[in-house]
Amino acid sequence: MAEYQTFEHDVLIIGAGGAGLRAAIEASAAGVKVAVVSKSLLGKAHTVMAEGGIAAAMGNVDDRDNWRVHFADTMRGGQYVNNSRMAQLHAQEAPARVRELEAWGALFDRTRDGRILQRNFGGHRYPRLAHVGDRTGLEMIRTLQDHGIHRGIDFQMECTVLRLLKHGNRVVGAFGYDRERGRFRLWRAKAIVLATGGIGRAYKITSNSWEYTGDGHSLAYHAGATLTEMEYVQFHPTGMIWPPSVAGILVTEGVRGEGGVLRNSQGKRFMFDDIPPNYRAQTADNEEEGWRYTQGDRNARRPPELLTRDHVARCIVREVKEGRGSPHGGVYLDISWIKERLPNAAEHIKKKLPSMYHQFKQLADIDITKEPMEVGPTTHYMMGGVKVDAESQMSIIPGLFAAGECGAGLHGANRLGGNSLSDLLVFGKRAGEFAAKHAKNNSAGSINQDEVDAVAHWALEPFERYAAGDGEGPYQIQQDLQTMMQDLVGIVRREDEMLKALDEIALLRKRAAKVAVPGNREYNSGWHTALDLHNLLTVSELITRAALSRKESRGGHFRDDYPNKDDVNGLTGIIVSKGKDGQPQVVTEPIPEMPAELKQIIAEMK
Amino acid sequence: MSEQTASKRRVLFRIWRGDTNRGALEDYATDITPGMVVLDAVHRIQAEHATDLAARWNCKAGKCGSCSAEINGSPRLMCMTRLNTLPLDQPITVEPMKTFPRIKDLVTDVSWNYRVKQRIKEFKPRKPDEKDGTWRMAQEDVDRVQEFRKCIECFLCQDVCHVLRDHHMHEEFIGPRFFVYVAGLQLHPLDSEDRIDELKEANGIGYCNITKCCTKVCPEEITITDNAIIPLKERVVDRHFDPLKKLFRIFQK
């Protein structure tokens, strides 16, 4: 029998980024016993990296903004396959969630009359992002962390969850280990909130850290939940590309919001060449107007650099492919040019984009106030995830909730910048609230000891294989998977390549089943990487299968063999789940019809 | 573009390997390519030579403060230390932070920091300024405190502080990170809590003898000593040692 320590809580939250912390605060406020387990130390989750801001239609800078406009922008950005109820709740509740953060100590930049300042961002019609320079994520996670530690929550840092445990149909606990000592832990809970973030580590070029191995996606899938929108992976258009060691690190969209422009090797602002029809009415058709927009002219339309991320990323790929790229295979992002327009431009850039200035100065020897940056697309965000009820965030498994990036619905085929932080707050809160309610109405279930033993045994096998002189190390398998996904299921997809990807995944799965690691269980990075492979392979397969099923191009999903959007057959949701045979099952569902009220809003904002 | 053209070269890294009880520096040679940082080399060594080498990291862009270590003896973030800034003809030593108990290899037990923070009185806002429950603040008041809120909790300042590193006064002294935290709260335009007494009593601000070592290692370039610690010390002195104020307080009682 496996040795482990048992913990009992009402609500267990897996993940300590924005969604997990917000859920924990809400659940504990409801008076239940809450634990948060996280793979990293508190305050290090990916939320800390968010730069641009939190989208919330407060209308502080432009009073024409309101939840309806935000709702319509989110739906347009998501190509109308979003869960419209989630998009509505998100737009309606985000302002209150931002003000709440302020009440907990967050300090945002201010308007002249002392209110929260809001900035422009891609796909948002009006200045909408509450921000602190370009370190909004740090402000948000620190505020939630510093508030959360006084709420009686049991924080268990540096723990990995390996399996969700069920009793009948409902979830009753989770099994995993602490990374520090490698000892097993069993968390019993009446409700579990997955807040594990994304899947970026399935790709070679990514802005995501080691943590983002699709844990929540995979845990939910293997527990029998349904996942949706898995074909929609967001490739952020501007990641660093040079030097190689920094490839993938994010360059905030805020650079373009402050007037930064994209140019190809011929010095041309190529984004003017390709403005999609549904954005033409609200996009500037000349440089002058675009500049005025970034400087706050309410009558100017936004420059095409601020079109949605999926579109900008594809335009960059096209420029590179057609031979107009920069020396290291990207394009130029230039903010230094604003010195032609502004006195003290260098100081202005350093004040508005301090971390970008330091990032390029320190990591690439580039002074962004003087010269352009070289940028290219980087795997950034997973639109797809656990299919949840819009109000409660509960999956089809009673007691299992998902919020933030590992949940799905709000963003549809493409997420707008700034809608992630607000997503974490709005649906983190809802998940916490409804998980607490669920816990109050249900008793603890019983744990299947055989299942626990089997997981524990599986987790320790890599050591046994190493001792037997068998198997291979985890890092090469992980790298091969990342390269394969980048090449075969990346920004531009094709059926033959994705079928090849499925074969490759099957081969990698065989290798992963034989992974071996030396050493002991104490803080063993190799062991951690070996165990993460299971989740990475699961999400890679689900992404590929969903992407194969969507025979059209929409948002983050672009098919070379089906380059057009198909509004007849495409307005559907692709649902994946684990079949009885243990293989992924893919079904297509019509998207529920939008209530007349919401339809009307979209028609008005066209 | 200021591209580096230096080609691949082999460099020797001397990394501390061990656990809570014992350990030693071990040598690993690996190839480095232009633009690499120390963290890249550590990852390469993990993949090539030492699968089980323990090291924390997350963002790889100086924003999360996870990968703190002592590189050639100086406390730095591994992800922000470019190899071309180090002498590559000598071995590069990478050691864990020394102020905290060792766990394994480059990973230390920093949980003390989290316990300390929990002891400090939390943010308490004044009553909202407006009927809708919101506040009004001037940008300049917000700007004044942002320096302290930039902190990424890498704990390098704690690592280098003599009071903690050499004198192990973890029970009596909260360290530079948390003076910055308290300064951030005290200067917060909305905060209405009083933390001056606890600074003197429980937090031991008096032990700091302003050698500014913390300021020198801060990757966020927070002027810890001058802007956070000294003003806090002045507040403590004003309240507890100013004879006029002391007299005034006696009469008040």
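Since we're looking at a predicted model, the values are computed, not measured. (Residues numbered from 1 in each chain as written. Chains lettered and ligands numbered in written order. Predicted model: local features only at pLDDT ≥ 70, side-chain atom pairs only at ≥ 80, totals over all residues.)

*Asks:* Hey, could you run me through the overall build of chain B in this one?
*Replies:* When helices and strands are tallied, chain B shows 10 helices and 7 strands. Counting all 253 residues of chain B, 43% fall into the buried class. (Helix = DSSP H or I, 4+ residues; strand = E, 2+ residues; numbered from the N terminus. Buried ≥ 20, exposed ≤ 12 C-beta atoms within 10 Å, placed from the backbone.)

*Asks:* Quick question: what am I supposed to make of the overall build of chain A here?
*Replies:* Of the regular secondary structure elements, chain A holds 17 helices and 21 strands. For a compact globule of 606 residues, the expected C-alpha radius of gyration is about 25 Å, and chain A comes in at 23 Å, within 12% of that figure. Along the three orthogonal principal directions, the C-alpha set of chain A runs to about 70 × 50 × 50 Å. Each of the 606 residues in chain A was classed as buried or not, and the buried ones make up 62%. When contacts within chain A are restricted to residue pairs at least 6 apart in sequence, those whose partners lie at least 24 apart make up 75%. (Rg over C-alpha atoms; globule rule 2.2 N^0.38 Å. Contact = placed C-beta atoms within 7 Å.)

*Asks:* What is the right way to look at the packing of helix α14 (residues 474-488) of chain A against helix α16 (residues 525-549) of chain A in this model?
*Replies:* Angle between the axes and distance between the axes are the two parameters that describe a pair of packed helices. Residues and elements named next belong to chain A. In contact at an axis separation of 9 Å, α14 and α16 are set at 25° when each is read in the N-to-C sense. Accordingly, the angle class assigned to the pair α14 and α16 is roughly parallel. Considering the relative orientation of α14 and α16, their crossing is left-handed. Contacts between α14 and α16 involve P474, Y475, I477, Q478, L481 and M485 from the former and G526, T529, A530, L533, L536, L537 and S540 from the latter. Here the residues of the contact of α14 with α16 are counted per class, giving 9 nonpolar, 4 polar and no charged. (Axes fitted to C-alpha atoms, helices over the stretch in contact; angles between N-to-C directions. Parallel < 35°, antiparallel > 145°, perpendicular 65-115°, else oblique. Left-handed = near helix turned anticlockwise from the far one by under 90°. Nonpolar A, V, L, I, M, F, W, Y, C, P; charged D, E, K, R; others polar.)

*Asks:* What should I look at first to understand the domain arrangement of chain B in this one?
*Replies:* How large an interface is tends to be reported as the accessible area lost when its parts come together. All names here are of chain B. For chain B, the assigned domains are domain 1 (9-108) and domain 2 (111-252). Computed over C-alpha atoms only, the centres of domain 1 and domain 2 are separated by 31 Å. A class-by-class count of the residues in the side of domain 1 that touches domain 2 yields 6 nonpolar, 4 polar and 2 charged. (Domains from an automatic or database assignment.)

*Asks:* What am I meant to see in the nonpolar core here?
*Replies:* The tendency in soluble globular proteins is for nonpolar side chains to be buried side by side. By size, the foremost hydrophobic cluster in this structure holds 247 residues, and its most contacted members are V11, I13, I192, V193, L194, F401 and A435 of chain A. Among the elements that make up this core, the one with the highest residue count is α16 of chain A (11 residues). Shared between two domains, this core takes at least three residues from each, and those domains are domain 1 (9-108) and domain 2 (111-252) of chain B. The contact partners of L194 of chain A, leaving out residues within four places of it in the chain, are I14, G15, G216, L219, A220, V386, F401, A402 and C406 of chain A. (Core = buried A, V, L, I, M, F, W, Y, C linked by C-beta atoms within 7 Å.)

*Asks:* Would you mind going over unusual backbone geometry with me for this structure?
*Replies:* Glycine aside, a negative phi is what most residues show, and trans is what most peptide bonds show. Look at the link from W242 of chain A to P243 of chain A: it is a cis peptide, with omega at -5°. Its location among the elements puts P243 of chain A in the loop between β11 (233-240) and α6 (254-257). We note that K212 of chain B has phi near 65°; this positive angle belongs to a residue other than glycine. Even without a glycine there, the phi angle at E221 of chain B is positive, about 55°. Mapped onto the secondary structure, E221 of chain B falls in the loop between α8 (213-217) and α9 (224-240). Look at E221 of chain B and you get exposed, because 10 C-beta atoms sit within 10 Å.

*Asks:* In this structure, what is going on with the sheet that holds strand β3 (residues 68-71) of chain B? I would like to understand it.
*Replies:* For sheets, the rule is that strands pair by backbone hydrogen bonds, running either parallel or antiparallel. Residues and elements named next belong to chain B. Read from one edge to the other, the open sheet built from 5 strands follows the order β2-β1-β5-β3-β4, with strand pairing classed as mixed. Each edge of the open sheet carries a strand with a single partner, namely β2 (23-32) and β4 (74-77). Within this sheet the neighbouring strands show an average axis-to-axis angle of 35°, counted without direction. Inspection of the sheet shows β3 paired to β4 by 4 bridges, in the antiparallel sense. In the sheet register, S68 faces β4, and the bridge partner there is L77. Strands in contact with helix α1 (residues 38-48) are β1 (9-18), β2, β3 and β5 (92-95); relative to β2, the strand with the most contacts, it is inclined by about 95°. (Pairing = 2+ DSSP bridges.)

*Asks:* Mind showing me how you'd approach the interface of chain A and chain B here?
*Replies:* Listed by partner, the interface residues are 49 residues for chain A and 51 residues for chain B. Counting only elements with at least two residues in the side of chain A that touches chain B, the list comes to α3 (84-103), α4 (136-148), α11 (354-364) and α16 of chain A. Of the residues in the side of chain A that touches chain B, the class split is 21 nonpolar, 15 polar and 13 charged.

*Asks:* Would you mind showing me how to read the sheet that holds strand β13 (residues 331-334) of chain A here?
*Replies:* Residues and elements named next belong to chain A. The strand order across the open sheet formed by 4 strands is β11-β14-β13-β12, and the pairing between neighbours is antiparallel. Only two strands of the sheet have a single neighbouring strand rather than two, namely β11 and β12 (261-263). Adjacent strand axes in the sheet meet at a mean angle of 45° when their direction is disregarded. Note: β12 against β13, 3 bridges, orientation antiparallel. Bridge pairing links V261 to D334 in β13. Packing against the sheet, helix α9 (residues 309-321) makes contact with β11, β13 and β14 (373-382), and its axis sits at approximately 60° to β11.

*Asks:* Mind showing me how you'd approach the packing of helix α15 (residues 495-512) of chain A against α16 of chain A here?
*Replies:* All names here are of chain A. One can describe the packing of α15 onto α16 by two numbers: an axis separation of 10 Å at closest approach and a directional angle of 160°. Taken together, the axes of α15 and α16 lie roughly antiparallel to each other. The chirality of how α15 crosses α16 is left-handed. Only L533, H534, L537, S540, E541, T544, A547 and L548 of α16 make contact with α15, whose side of the interface consists of E495, M498, A501, L502, I505, L508, R509 and A512.

*Asks:* Before we go on, may I ask you to explain helix α1 (residues 18-29) of chain A in this structure?
*Replies:* Count 3.6 residues to each turn of an α-helix, and residues three or four apart come out pointing the same way. All names here are of chain A. Here α1 contains 12 residues, and its C-alpha end-to-end distance of 17 Å stays within 8% of the 16 Å for a straight helix at 1.5 Å per residue. Counting buried residues in α1 gives 11 out of 12 residues, a clear majority hidden from the surface. Every buried residue belonging to α1 is among G18, A19, G20, L21, R22, A23, A24, I25, E26, A27 and S28, and all of these are buried. Contacts made by the buried residues of α1 are with β1 (4-14), β2 (34-37), α4, β9 (184-194) and α12 (419-441). Positive backbone phi, approximately 90°, marks G31, located one or two places after α1. (Expected span 1.5 Å × (residues − 1).)

*Asks:* What is the right way to look at helix α2 (residues 67-77) of chain A in this model?
*Replies:* Residues and elements named next belong to chain A. Counting buried positions over the 11 residues of α2 gives 10, a clear majority of the element. Of all the residues in α2, the buried ones are W67, V69, H70, F71, A72, D73, T74, M75, R76 and G77. Where α2 is buried, its residues touch β3 (54-55), α3, α7 (277-280), α12 and α17 (596-605). Directly after α2, the chain includes Q79, whose backbone phi takes a positive value near 60°.

*Asks:* It is not clear to me how the confidence of the model for chain B should be interpreted in this structure. Could you clarify?
*Replies:* Detailed reading of the predicted model is not advised wherever pLDDT is low. Residues and elements named next belong to chain B. Mean pLDDT for chain B: 93, with 94% of residues reaching 70 or above. Contacts for the low-pLDDT stretch residues 1-5, under 50 throughout, to residues beyond four places or in other chains number 6 contacts. The ipTM, which scores confidence in the relative placement of chains, is 0.94 for this predicted complex, and the corresponding pTM is 0.95. (pLDDT = per-residue confidence, 0-100.)

*Asks:* Help me out: how do you make sense of the pairing of strand β21 (residues 584-590) of chain A in this one?
*Replies:* In regular strands, side chains alternate between the two faces of the sheet. Residues and elements named next belong to chain A. For β21, the buried fraction is low: 0 of the 7 residues fall into the buried class. Pairing geometry for strand β20 (residues 572-578) and β21, over 7 bridges, is antiparallel. Bridging across to β21, T572 finds its partner in P590. Taking the residues that link successive antiparallel strands as the turn, the β20-β21 hairpin has 5 residues, and the phi of G582 there is positive, at about 85°.

*Asks:* Looking at this structure, how should I read the environment of G173 of chain A?
*Replies:* All names here are of chain A. Summarising the element assignment, G173 is placed in strand β8 (residues 170-178). Along the chain, G173 and H358 lie 185 residues apart, while their C-alpha atoms are 44 Å from each other. Non-local contacts of G173, meaning those with residues more than four positions away in its chain, are made with L165, L186, W187, R188, A189 and I447.

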